[in-house]
Amino acid sequence: MSPAIQTITLSLVLRLGAVNCYLVTANDGFILFDTGGSNKRRDLHETLTSAGCQPGNLRLIVLTHGDFDHSGNAAFLRGQFNTPIAMHESDAGMVERGDMSWNRQSSKLVLKVASPMFGFGKAERFTPDILLNEGDTLAAYGLDAKVIHLPGHSLGSIGILLAGGDLITGDLLENTKGPSFNSIMDDRVAATHSVAKLRSYEIGTVYPGHGAPFPMAAFYDSQHIAPNLYDDKQA
Ligand SMILES: [Zn+2]
């Protein structure tokens, strides 16, 4: 059965658009996927509280990657709700050092300059409590969901495939002008391989880091990719 997903959209600094967090209902509580930027901390906290989150039932914070528009409130929420933070180890250095260019091949200078603009200061830095890897499940936190490593936008980007086929993709894919790859890619070859990996799963709705949810089939259509690898497998 598909779990309930609440989309929380928070606007970014400098009119850079908006970012999504997803609050998913788990057994005996919730799991939050991504935390937005620190500029909208109060809004996020209010939304979580209204949804019923409190210390003890916000069981896990999962970051799809280390960028500060996704990780900007993780340390704060860990303090408020006593919730562990999980992410892929390949992006951990970004949030530990406060540097989005850490571990990236391209745009190093731009990202180094942009890093402080996202309001990610010393108080926002943290060391993740749990390191996630390909194939890990979230069963221990009351959610039937699987981690898929999806490098491309960043080396440590992950997607989370929920039971029922919904996929939280972070910034591998976006929907700001229609379903597409995210416009910022550190490694385009890796991103292509990540999408090839996704084709072996039956995916329904994509929940991207930026833009409204969309059917995975609409992304495949936009890229002229045949979506039916999983059909071949099942045949
Ligand atoms: Zn990002």
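Computed from a prediction, not measured in an experiment: that's the story for all the values here.

A. Main features of the overall build of the protein chain. A count of helices and strands for the protein chain gives eight helices and 13 strands. Computed over the C-alpha atoms, the radius of gyration of the protein chain is 17 Å, within 12% of the 18 Å expected from 2.2 N^0.38 for a compact globule of 235 residues. Considering only C-alpha atoms, the protein chain reaches an extent of 50 × 45 × 30 Å along its principal axes. Residue pairs at least 24 apart in sequence account for 64% of intrachain contacts in the protein chain once pairs closer than 6 positions are excluded.

B. Region of interest: the sheet that holds strand β8 (residues 158-162). On the basis of which strands lie adjacent, the open sheet formed by five strands has the order β7-β8-β9-β12-β13 and mixed pairing. Two strands close off the open sheet at either side, each with one partner strand: β7 (145-149) and β13 (214-215). When strand β9 (residues 167-170) meets strand β12 (residues 205-208), the two strands line up parallel, connected through three bridges. Of the residues in β12, the one forming a bridge with Gly 170 is Pro 208.

C. Structural detail: the pairing of strand β2 (residues 18-26). Judged by how many residues are buried, β2 sits mostly within the fold: seven of nine residues are covered. In this structure, the hairpin formed by strand β1 (residues 5-11) and β2 is closed by a connection of six residues, where Leu 14 is found at a positive phi of approximately 55°. Looking at chain direction, β2 and strand β3 (residues 29-33) are connected through five bridges and run antiparallel. When the sheet's bridge partners are listed, Val 24 is paired in β3 with Ile 31.

D. Seen up close, unusual backbone geometry. The backbone phi angle of Asp 28 is positive, close to 60°, even though this residue is not glycine. With respect to the element layout, Asp 28 can be found in the loop between β2 and β3. Its 10 C-beta neighbours within 10 Å are what place Asp 28 among the exposed residues. Its identity as a non-glycine residue notwithstanding, His 224 has a phi of 55°, on the positive side.

E. Focus on the environment of Thr 176. Within the secondary structure layout, Thr 176 lies in the loop between β10 (173-174) and β11 (180-181). Classification of Thr 176 by C-beta neighbours within 10 Å gives partly exposed; the count is 15. On a C-alpha basis, the gap between Thr 176 and Ser 115 in space is 22 Å, while along the polypeptide they are 61 residues apart. If we ignore the near neighbours within four places in the chain, the residues touching Thr 176 are Gly 17, His 210 and Gly 211.

Thresholds applied
- Residues numbered from 1 in each chain as written.
- Predicted model: local features only at pLDDT ≥ 70, side-chain atom pairs only at ≥ 80, totals over all residues.
- Helix = DSSP H or I, 4+ residues; strand = E, 2+ residues; numbered from the N terminus.
- Rg over C-alpha atoms; globule rule 2.2 N^0.38 Å.
- Contact = placed C-beta atoms within 7 Å.
- Pairing = 2+ DSSP bridges.
- Buried ≥ 20, exposed ≤ 12 C-beta atoms within 10 Å, placed from the backbone.

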